[in-house]
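# Architecture at a glance
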Amino acid sequence: MEDAMSLEEQSTLVVEFLDGLLDAFELDAEVYAERVDDETMEMRVENVQGVGLLIGPKGNTLRAVEDLSRMLVQRKSDGNCEGRIRVDIGGYRERRRAALEAFCEKVAIEVRDTGTERPLEPMNAADRKVVHDVVSEMDGISTVSEGQEPRRWVVIIPD
């Protein structure tokens with residue numbers, strides 16, 4: 001059996017794909033790969049004008065770009081690749097996480113103070129994990145996920 005495609009090989013493919021995408025949209029930006037941990041490589045697109053075009057509403061375009069990047073890697077590697085590839089554009093992921101954490105803390109405190117549960121809007125799995133993680137560190141409240149994909153949401157409940 002052939003060796004798995006390394007994260008470095010995958011990142012080279014994805015950086016080339018992202019450079020081509022930026023050229024197609026006539027956007028000037030820097031694209032580079034950064035190792036996040038032993039299992040994850042993140043492709044970062046920085047200093048891009050028109051960053052909103054590549055992020056889209058609620059990060060939907062960014063997720064689509066990431067999905068296309070992963071599909072490219074899967075096809076080129078025949079599904080035999082190691083680790084995970086992520087894509088971030090203009091630092092969106094970290095900003096989104098920080099805003100979601102602040103929002104969750106505010107809602108969680110409200111739920112704890114009023115004793116009334118509060119459902120949040122449907123969100124993707126990564127955002128739901130942020131909510132669960134934030135609330136799990138707080139006393140007097142907990143979370144449950146409800147609904148079916150792709151419209152699954154978190155409910156913050158008092159203990």
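Look above for the structure.
This section reports on the structure supplied with the text. Computed from a predicted model, the values in this text were never measured in an experiment. (Residues numbered from 1 in each chain as written. Predicted model: local features only at pLDDT ≥ 70, side-chain atom pairs only at ≥ 80, totals over all residues. Heavy atoms only, no water.)

### Focus: the nonpolar core
- Grouped together as the largest cluster of nonpolar side chains are 22 residues, with contacts concentrated most on L18, M43, V87 and I89.
- If you list the elements that add at least two residues to this core, you get α1 (7-24), β2 (40-46), α2 (51-55), α3 (60-77) and β3 (84-89).
- Broken down by element, the residue count for this core peaks at 6 residues, all from α1.
- Leaving out residues up to four positions away in the same chain, L18 has contacts with V31, M43, V45, V65, S69 and V87.
- Among the nonpolar cores identified, the runner-up in size contains 15 residues, and C104, L120, V131 and M138 belong to it. (Core = buried A, V, L, I, M, F, W, Y, C linked by side-chain atoms within 4.5 Å. Buried < 20%, exposed > 50% of the residue type's maximum accessible area, 1.4 Å probe, protein only. Helix = DSSP H or I, 4+ residues; strand = E, 2+ residues; numbered from the N terminus. Contact = heavy atoms within 4.5 Å.)

### Here's the deal with unusual backbone geometry
- Geometrically, the link from E149 to P150 is a cis peptide bond, its omega value of 5 degrees lying close to zero.
- Within the fold, P150 resides in the loop between β5 (141-146) and β6 (153-158).
- Despite not being glycine, N47 shows a phi value in the positive range, around 55 degrees.
- Within the element layout of this structure, N47 appears in the loop between β2 and α2.
- Judged by its relative accessible area of 55%, N47 falls in the exposed class.
- In the Ramachandran plot, D78 falls in the positive-phi region, its phi being about 55 degrees despite a non-glycine side chain.
- Mapped onto the elements of the fold, D78 is located in the loop between α3 and β3.

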